[in-house]
Structure formats: C-alpha cells, structure tokens
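# Observations on the three-dimensional arrangement
The primary structure of each chain is shown beneath.
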Amino acid sequence: MKLILFIIAWVLLPALLPAAPLKGVVVDAETGEELIGVAIALKDNPGKGTTTGLDGSFVIDVPPGTVLVCRYVGYQTVEHMHDGREERQIISLQPARIEVGEIVVYGYRVNHTETGARSIEKTSMNIMNVMSAKAIEISPDMTVANVVQRISGVTVERNSSGDGQYAVLRGMDKRYNYTLVNGVKIPSPDNKNRFVPLDIFPSELLDRLEVTKAPTADMEGDAVGGVVNMVMKDAPAKRQVTANLSTGYNALFLYRDFYSFDTKAVDGKSPYERYGESYPAKPRDFSKEVLLMKSKNAPPNLFAGFSYGDRLFENRLGIMLAGSYQNSYRGSNSLYYAHSTATSDASNLPVLTGQNDRTYSERQIRYGLHAKSDYHFSTRHKLQWYNAYMDFTNAQVRDNANTDLSIGYNPLQGDYNVSFDTRFRVNRQQIFNTTLKGIHLFAGDRLKIDWSAVYSNAFGKTPDNSSVYTVTTVRNHVRNPVSVVTLGGAERRWERNTDEDKAVYLNAGYALNAGKAEIDLSAGGLYRDKQRTNFFNQYDFRPYDESKPEGMQNNLIKGTDWNNYSEISFMVFTPYGAVGNPLNYDAFEKIAAGYVQAKLSAHRLQTIAGMRVEKTRQGYFLRYPAGGVPNDGEQVYTDYLPSIHIKYSLFPDNNMRLCYYKSINRPSFFEIVPYRIINEDYTEMGNPDLKHTIAHNVDIRYEYFPKPSEQFMVGLFYKKLKDPIEYGMISQGQGTFYMPSNFGDADNYGIEIDVMKYFRSLGLKANYTFTRSNITTDKMENYENPDAFSSEKISIRNVAQIRPLSGQAKHVANLSLLYKNTEKGCDGQLSLSYTGDRLYAVSRYLDNDTWQGGFLQMDVSLEKRFKSAWSIFVKAVNLLNTPMVLYLKKQNPANHAVEGYEDYKNGTLVRRDYYGRNLQAGCRIRF
C-alpha cells in the first residue's frame, strides 16, 4: 500500500507544485555557442513548449521535476529535468553524428545558422564577413546581389530596374573582385568583361555567403577588392525537404502600364548565320511580331523554390537537390538630360542638350538548379560532386522621348523637336558549372591532399535586339503627327558570347607538432584554360512604301500609315549586315599558378605566410580587323604575390588581426582589343598597351565575440595601387576617345565597423564603412589665352586633378532591426541600407565628372511559423522609393531656361530613376 501511495505521489507531485519560470540557455556542447531556435517541449505534453531566442535563451513556466525535450537540426536530441534551481540553467547539445556502415563515425557541423557564421569569422585566418542561410532567408532579398549589400564595406552597382547587379568592395570597382561558387572561380556571361553579375543567382540556394577581404596565398591573386564566395546548400545529417511559393507586385505598374512584346517571335540567329555571308537579307527574314508592343496593368510576380537533402547507403552518400524559379516584373521611370561642356567661353559649365523621358519595363525570369553530393569511402577518403545551372532571361522594352534642347527649342513660344526611340530587347545569360573534388587523408591524418577538376561554361546572347526611331515637331504648343525617321528608321542586331573554362586544382598540406606549437605546411597550384568567342551583327533599315514612286519615305505617319511599330514597312538598307564590327573576336586566357604556405599556431598566436606565383598569358584574335590594326595580340606576364596574416587572441573571445598581401587585376578580354566603336556622344576605343594593376594591401582588425552569435569588429585598411585601370576621355593625335587606361597610381584607405547584438526577442545588426581614395588624372580645361587672336581667345589646356576612384563611396552604412518571438513563431526584420555619393563616370573636362547621389533603401520582411511545419511570409523592398540620381557638381544658371528643370545639390541634374516598391507574400513548408 505504501509503495502504491509513493508511486501516486511521485506522479502527481509535479502537477501539484506551483509552476515556476525556468530560465536557461541552450549551447553547443563542443564550442559553447548559443543555439537560436532550439525547439523545447514537455516530454509528457509535447504540445506545450517554447524555442530559444536570438541569444540562445528561453523561459518556460513548469514545475520542478518536469522533463524537457530539446530538438535542433544537426544536433542530438537531449532530455533535461527541471531540478528546481532558480539560477539560469545551461543545456548542452551534442552535434549529430553520422555513422557510416558499422564502425565509421563522422561529425556534422551546422554552418547555415548565424552562430555558425560567427564561428567561421572567428576561426578563419582570412579577414572575412559571413552571412548565413538563416539570415538570408528572413531578409527581404531575393538575389545574391541584393544580399551582399548588407555586408560591411560592400555596395552594389544597380541595373536599369534598380536591382543590385555587381558588388563593389571597399570602394573598389566591380572589376577588382572575383566570384566563387563553393570555392571555385566561375566565368562571366558578359560580352566584354570578366566580372560576374550576381543578380543571376537566387539567394535561396545558398548555405552561406562569404566575403573575403584579405585572401591568403592559397587563393587566386586577382582580388584587390576581395572575393565573393557563394557556398551552396550541403547534404544535411538527415532527410530534409523544403518548399516555398509566393507572389507579389511592383507598385510601379499600379500607376502605369507594363509594356512587353512577343519574345517567342525572336529569331535566335541572324540571316547571316542562317543563310551564309553572301545572302542579301530581305524584309521577310525579320519577324514583325517582335515590334508589336503590348501593354497590361500590374502583372503579378511568381516565386517558387524546392530543396531535398538526405543521406543514403548507411550514410555514405549525401545528396542535396535544390531548384528556384523567379518570374518578376520590374522597371523604372527615368529622366535623363544629355549635356556637353561649354566651349564658347572659359566657364567650362555644363550645357543641357536634350531631355530624355524614359520608361523601362522588364520581365525577369530566373532558373536556378543545384545538385551536390558527397560519398565517404572511409573516414579518410571522400569525393564531392557539384553541379549548378543558372539561367537569367531579361525581356525589356525601353520607350524614350528625347526633346532637343539645342536646335529650335523655345519653350515660351511652344516650339521644340522631339525624337522617339523604342527598344525591344531580350537578353539571356546562362552559367553552368560541374566540379569533382576529392579529399584524402594519409599518415595518421597529418597529410591532407585535395584536388578538383572543374568545367564551367558561361553563355550570353541578345538576339534580334530591335530599335525603331520616329520624330515629331511641336509648334506653338501644337504637336504635329509622328513619322518614321528616313535615315535610320530601325536597326536590329544579334550578339552572343561564350566563355568556356577548364581548370584543375591540387593542394597538399602536412601538419607537424613542434612542442607547444603546431605547424601546417601546404603547397598547391592550378591551371586554367579559358576560351571566349564573341559574335556581333547588325542590320539597318529605312522606311519604305511600295505604293509611292520614290519608295523610301519620311512621311509614314502614325495614325495614317501605321499604328503599331509592327505595321511599318521597312527595306533592308544593309542587306549583308555588319559583321565587320570589332565585337566579332575570340579571346583566350591561360593561367598557371602555384603557392607555398606555412601556418604556425602557438597558444594565442596564429601566423600564416605564403608566396603565390601566377603566370598569365592573355590574347585575342579579331576576325574582321579594320583600319590597319593587327588581327591578333597577346600579353604575357608573371607576378609574385607574397602574403602574411597574423591573428592574436587577446582573450578567448577577442582577436587582433594584421595582414599584408599583394594582388593584381587583369585587363578584361575586350579592353586590350584595338577596336573602335562610334557611339552617339563619343568614340570608344580599346587599348592593347593596357597594363595590369598591381596592389599592395594592408589590413588591421579587432574582433570581439561576446556571445557566439554576436560580434563587434573595427578594422582599418589601406591599398596602394599601381596602374589602376579606369575609363576616361583620352586625346590621341587629332581625336579624343573613351578608352580604358592606366591613370598613374592610386591610394585607397578606410575604416570598417561591424556590430551584432541580441536581446532575447530583439536583435541589432549595424555596420559602417568610411572609404577615401585619390588618383591624379589629366583633364581638359577651356581658358582665355591672352596671346591668341581675338577670334581664338578660348584655348584648351590639360590640368592635373586629384579625384577619388570611380565607384567609390565615402560613406556606406547598413542597419537591421530584428524581432523574433519564439513562442508565437514570428520573425521580423527592418533593414536600412545607405550608400553615399560616389563617382559614377569620369569626364575629360575639369570638374565635370558625373556623380551618383546618396541612396537610402528601406526593406521589411515578416514571417509567421506554424507547428504544422508551414510558415507564411511577407517581404517589401524599396519602401521609400528612393530615386537613383546622377548629377554634376557644377551649376549653369542658363539651364533653368529648360522647362521643368531643377538643380540637384546646387549642381546639374543628369538623371533620376524611380524603381517603385516591390511587395511579395507567400508560404513555406519545411519537414
């Protein structure tokens, strides 16, 4: 009887005792890192529980004796009994173990969390910043280009729809950094350059995003600004399936129509390619449906994603399959003022010559496919195979109305001339990468050898890029009928390029014990063969009316002879095309590199030093050389790139870093081709004598990690650049050309501050970067020459001017406020991103450079999770609808005579683009 009463009392006692709040924190048993989002439930009542907050802590009202069950992805499940103590209790979770066969055991580390990202930053020998998959998931960003702008010292160069496209690191132009996928360099689909557009990559495929700002000798040396590494999702410890579906709108198209055309009517090949070089193209060879402009209001966006990961065959084989689809409608309303520099006096003031009112409508379709697998032969031998395919199609209609402000312009009388040009363009970019990698351990795990065989292909094409030109006049405020331009009524061009990379990597490392110190010796190398082909062809058209004797007419009137561009009759003015364009070229680049490196670890001090050698052979072949230029050429050079990184742990959670590294930047493929392209405002020319850039880089950074998911960092950086490559107006002989050149030496330096702090349900992420650079270049200046004849008093002279590097912003800041209610399953983020004024384009005239005004963007994301594994989310981007503004710092009072014109910052407004707000809502399931 006593035994029965005792058992009843033991069972009922916890229920009879008053519930007391249990306060605790859940940590990684091996590292002590707080774990965010750990599910904690009562063993006897699984429906009741909580989850850990942003700082790993939790609070739950349960009586003493209650058993809690703690579950977290990538960790072993743990049971913990409330012992009645009032002080905060610590619950430790062991990382999950993967048993392969019967005897082999592997550890599994979770790096896609914020805690994992901070751990990588803390333990790495590189100076780097990491953004985790979890941070990416709850952010408002849909592409890698928009994600990367949240990292300290990083700004983005935007495309015509306002989305980020290229990363600019520490004020260094996009050309000064390179992009990796899982540590492997990938080619670019750009037809002229080597930098990779990051907007082609959907952000949901990432496990984390790493930005390395000070590479070591085992990394490729062309990283003056830094390296962007996209680490794709890896196979989980156990089966995991996720899916998401969402829709939304761009608010821009709630107020105006979205314009489109039939992209299926676009012919992928020009008549030259279809029928041969001797075939004269006829009007029937060109589809009129491409010129049929359509419109609709507020088309919906669609986004979807799926991933599946598992381990099979007794956990020897891990697989991860993921896919992403994005169909979005973007655009902008743009005002652009064409301008020149006054030459009639010595004022050098900007003069407005044309006002362009433009609308952009873009349908962007992104596909992303990702397959990653690994196979463990044993504890010491593993193979990894990675495949990725990225596809980005952008169908754009640009409608432009240009008011001539120089000839016949009289706003008071209501007289002016207007020309229109409408462009129908579809651009498709594809990147494919397959990488086979082996990792092998020998000699008691002291010797490590890894190798990679890589094949990559980047493809870009813009087929049947069509433009139609029309004109009208306004007299006494009355607009005359619109007619087709006689000389230059339309043009259609075909462009495509292929960039094929074949590369092999080999690395070997050996670990030594030297008393209390550890020494790691490593060496390795790579060989890459890059082949590029480029094709260009263009056909020009004139309006034609067979019913009229003279045939070619300039009075094909809108409303009388045609209503839509597809109804205009054209004759082919250049029936054989224009394949003689210098954009028809082949290029190659062969790089052989090797390095040796040594790492010393002694108590609190870690030092890694190395030497890298890279030999570059880069050249081109012009298929149709013109003007007596050679049809081929090449550059060959070898660089020795030393580096040293020192990390000293002042305390267990404090690091002081000091590093030096030497790096380079190679010319782009097309820059060294001796081409000439006559544009509307200037002639563009290549530079076969262009030198590659050499940079000496120094970094100092202090790091403090008060908690595993928190950080405070402050760093200084300095870069000395020899022969930096920038574009500018260069005088050669009797002409002036826009061309890439080496503008002497440059300095770039600054400070970075990074803060991350969590308070239970609230979190703060903030970073600020101050950057300053200077380079001296020669500019042209008009001046009064007292020695000249009276009719030639205004002369031109060259003046040296100190200016910042192109693309460099002095002030860059990011602020994110986070909210996480673990009990209600709610996440929220408010993000602000600011980029200060920066030099946009270099002018040939003194003090007439084009600047981009400061840009402030505010975004919001919210997510609500349910216990059924479902969640719903909302994302809103560009809530402030901040315009992108280009301006000149000089002001000309005479420009105020232009109707509707307004100055900007006491200077001259050049361009102002509004992109509209983007709203998205959807659901996600994970099990």
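Residues numbered from 1 in each chain as written. Predicted model: local features only at pLDDT ≥ 70, side-chain atom pairs only at ≥ 80, totals over all residues. Heavy atoms only, no water.

## Topic: the side chain of Ser246
Threshold: Runs of E in the DSSP output that reach at least two residues are strands. Runs of H or I that reach at least four are helices, and both are numbered from the N terminus. For this analysis, a polar contact is any N or O atom pair within 3.5 Å, provided that within protein one partner can donate a hydrogen and the other can accept it, and provided that sequence-adjacent residues contribute only side-chain to side-chain pairs.
Looking at where Ser246 falls in the secondary structure, it is placed in strand S17 (residues 240-250). Separated by 2.6 Å, the side chains of Ser246 and Gln920 make a polar contact.

## Considering unusual backbone geometry
We count it as follows: Accessibility here uses a 1.4 Å probe with only protein chains present; expressed as a share of the type maximum, an area under 20% marks a residue as buried, one over 50% as exposed, and anything in between as partly exposed.
Despite not being glycine, Asn315 has its phi angle at roughly 70°, a positive value. Tracing the sequence through the fold places Asn315 in the loop between strand S20 (301-312) and strand S21 (317-341). A relative accessible area of 22% places Asn315 in the partly exposed class. With a phi close to 70°, Asp445 is a non-glycine residue in the positive phi region. A relative accessible area of 43% means that Asp445 is categorised as partly exposed.

## A word on the pairing of strand S6 (residues 78-81)
To be explicit about the condition: Strand pairing is defined by DSSP finding a minimum of two bridges between the two strands.
By the alternation rule, side chains of S6 split into Val78 and His80, which are all buried, and Glu79 and Met81, of which none is buried. Note that strand S5 (residues 67-71) and S6 share 4 bridges and pair antiparallel. Following the sheet pairing, Val67 is matched in S6 by Met81. A loop of 6 residues connects S5 with S6, the two strands running antiparallel in sequence, and Gly74 in this loop sits at a positive phi of about 90°.

## Some thoughts on the nonpolar core
Counted only if it meets this: Buried Ala, Val, Leu, Ile, Met, Phe, Trp, Tyr and Cys residues form a nonpolar core when they are joined through side-chain atoms within 4.5 Å. Residue contacts are defined here by distance: any two heavy atoms, one from each residue, within 4.5 Å place the two residues in contact.
Val148, Phe201, Leu209, Met230, Met232, Met390 and Ile431 are the most contacted members of the largest nonpolar core, which totals 32 residues. Elements represented by at least two residues in this core include exactly helix H3 (133-138), helix H4 (144-148), strand S11 (154-158), strand S12 (164-169), strand S15 (206-214), strand S16 (226-232) and strand S23 (381-404). With near-sequence residues (within four places) excluded, Phe201 lies in contact with Thr143, Val144, Val181, Ile186, Val196, Met230, Met232, Met390 and Ile431. If you look at the next biggest cluster of nonpolar residues, it comprises 30 residues, including Tyr272, Ala490, Tyr539 and Val572.

## Regarding the pairing of strand S22 (residues 350-378)
In summary, the side chains of a regular strand alternate between the two faces of the sheet. Judged from the 25 bridges that link them, S21 and S22 form a sheet pairing that is antiparallel. Of the residues in S22, the one forming a bridge with Asn327 is Ile365.

## Re the packing of aromatic side chains
Rules: Here the aromatic set is Phe, Tyr and Trp, taking the six-membered ring for Trp, and pairing holds for ring centres within 6.5 Å; pairs whose planes are under 30 degrees apart are stacked, those over 60 apart are edge-to-face, and all others are tilted. Charge over a ring is defined by NZ of Lys or CZ of Arg lying within 6 Å of the ring centre and within 35 degrees of the ring normal.
Per the stated rule, a full pass over the model turns up 19 aromatic pairs. Taken together, a centroid distance of 5.6 Å and an interplanar angle of 80° make the contact between Phe261 and Phe424 edge-to-face. One end of the pair, Phe261, is in the loop between strand S18 (258-260) and helix H5 (271-275); the other, Phe424, is in strand S24 (residues 416-442), and 163 residues separate them in sequence. Accessibility classification places Phe261 together with Phe424 in one group, the buried group. Centroid distance Tyr375 to Phe377: 5.0 Å. Interplanar angle 75°. Geometry classified as edge-to-face. Classification of Phe377 by relative accessible area gives partly exposed; the value is 48%. Through pairs of rings, three or more aromatic residues link up here, namely Phe286, Trp494, Tyr539, Phe541 and Phe570. The ring of Tyr166 carries Lys174 above its face, with NZ or CZ at 5.6 Å from the centroid. Cation over ring: Arg803 sits above Phe743, and NZ or CZ is 5.7 Å from the ring centre.

## Details of the sheet that holds strand S13 (residues 177-181)
One key point about sheets: their strands pair by backbone hydrogen bonds, in either a parallel or an antiparallel sense. Ordered by their spatial adjacency, 5 strands build an open sheet running S10-S15-S16-S13-S14, and the pairing between neighbours is mixed. Two strands lie at the open edges of the sheet, namely strand S10 (127-132) and strand S14 (184-185), each paired on one side alone. Relative to S14, S13 runs antiparallel, the two being bridged by 2 bridges. From the neighbouring strand, Val181 faces S14, where its bridge partner is Val184.

## A closer look at the side chain of His82
Here His82 shows up in the loop between S6 and strand S7 (89-93). A distance of 3.5 Å separates polar atoms of two side chains, one belonging to His82 and the other to Gln89.

## Considering the sheet that holds S6
Our working rule: The angle between two axes is taken between their N-to-C directions and runs from 0 to 180 degrees, where each axis is a line fitted to C-alpha atoms and a helix contributes only its stretch in contact.
Read across the open sheet, the 4 strands follow the order S3-S2-S5-S6; overall the sheet is antiparallel. Each edge of the open sheet is held by one strand with a lone partner, namely strand S3 (49-51) and S6. Going across the sheet, the axis of each strand differs from the next one's by a mean of 25°, ignoring polarity.

## Looking at the pattern of salt bridges
Side chains carrying opposite charge are able to pair once their charged atoms draw close together. What counts here: For this analysis, a salt bridge means a side-chain nitrogen from Lys or Arg found within 4 Å of a carboxyl oxygen belonging to Asp or Glu.
Applying the stated criterion across every chain yields a total of 51 salt bridges. For Arg528, the salt bridge identified is with Asp501, shortest N-O distance 3.9 Å. Of this pair, Arg528 sits in strand S29 (residues 517-543) while Asp501 sits in strand S28 (residues 490-514), and the two are 27 residues apart along the sequence. Comparing Arg528 with Asp501 shows no difference in burial state: the two are buried. Taken together, the salt bridges that share partners define one network made up of Lys185, Glu220, Asp222, Asp499, Asp501, Arg528, Lys530, Arg532, Arg612, Glu614 and Arg666.

## What about the confidence of the model for the protein?
To keep things clear, this is the line we draw: A score from 0 to 100, pLDDT tells how confident the predictor is in each residue.
Taken as a whole, the protein shows an average pLDDT of 88; of its residues, 93% reach a score of 70 or greater. Counting interchain partners and residues more than four positions distant, the pLDDT-below-50 stretch residues 1-18 has 6 contacts. Every residue in residues 100-108 scores below 50 in pLDDT, and together they form 28 contacts with partners more than four places removed in sequence or on other chains.

## Focus: helix H2 (residues 114-123)
Along H2, 7 of the 10 residues are buried, which leaves the element largely enclosed by surrounding structure. The set of residues buried in H2 consists of Glu114, Thr115, Gly116, Ala117, Arg118, Ile120 and Glu121.

## Comments concerning empty space enclosed by the protein
Rules: Cavities and pockets are defined on a 1 Å grid built over the protein atoms alone: a cavity is a set of grid points where a 1.4 Å probe fits but cannot escape, while a pocket is an open set with protein on both sides within 12 Å along at least five of seven lines, and lining residues are those with an atom within 4 Å of any such point. Grid points are joined across faces, edges and corners, and a volume is the space filled by probe spheres set on the points. Ten residues, namely Ala, Val, Leu, Ile, Met, Phe, Trp, Tyr, Cys and Pro, are considered nonpolar, four, namely Asp, Glu, Lys and Arg, are considered charged, and the remaining ones, Gly among them, are considered polar.
Evaluation of the coordinates by the stated rule reveals 11 cavities of 30 Å³ or more. Reported here for the largest cavity is a volume of approximately 340 Å³. Forming the boundary of the largest cavity are 26 residues, of which Asn146, Asp163, Arg330, Val877 and Asn918 lie nearest the centre. Taken together, the elements giving at least two residues each to the lining of the largest cavity come down to S20, S21, strand S48 (855-865), strand S49 (870-877) and strand S52 (918-926). Looking at the second largest cavity, its volume works out to about 260 Å³. In this structure, the second largest cavity is lined by 22 residues; those nearest its centre are Arg150, Ile151, Met756, Lys765 and Asn767. For the lining of the second largest cavity, the elements supplying multiple residues, two or more each, are H2, S10, strand S41 (745-759), strand S42 (762-784) and strand S44 (811-821). For the lining of the second largest cavity, the element with the most residues is S44, which contributes 4 residues. Across the lining of the second largest cavity, the residue classes break down as 9 nonpolar, 7 polar and 6 charged.

## Quick word on the environment of Asn654
Topologically, Asn654 is positioned in strand S34 (residues 654-665). On the accessibility criterion, Asn654 (8% relative accessible area) is buried. When residues no more than four places from it in sequence are discounted, the contact partners of Asn654 are Tyr648, Ser649, Tyr702, Glu703 and Tyr704. Looking at Asn654, its side chain comes within polar contact range of the side chain of Tyr702, at 2.3 Å.

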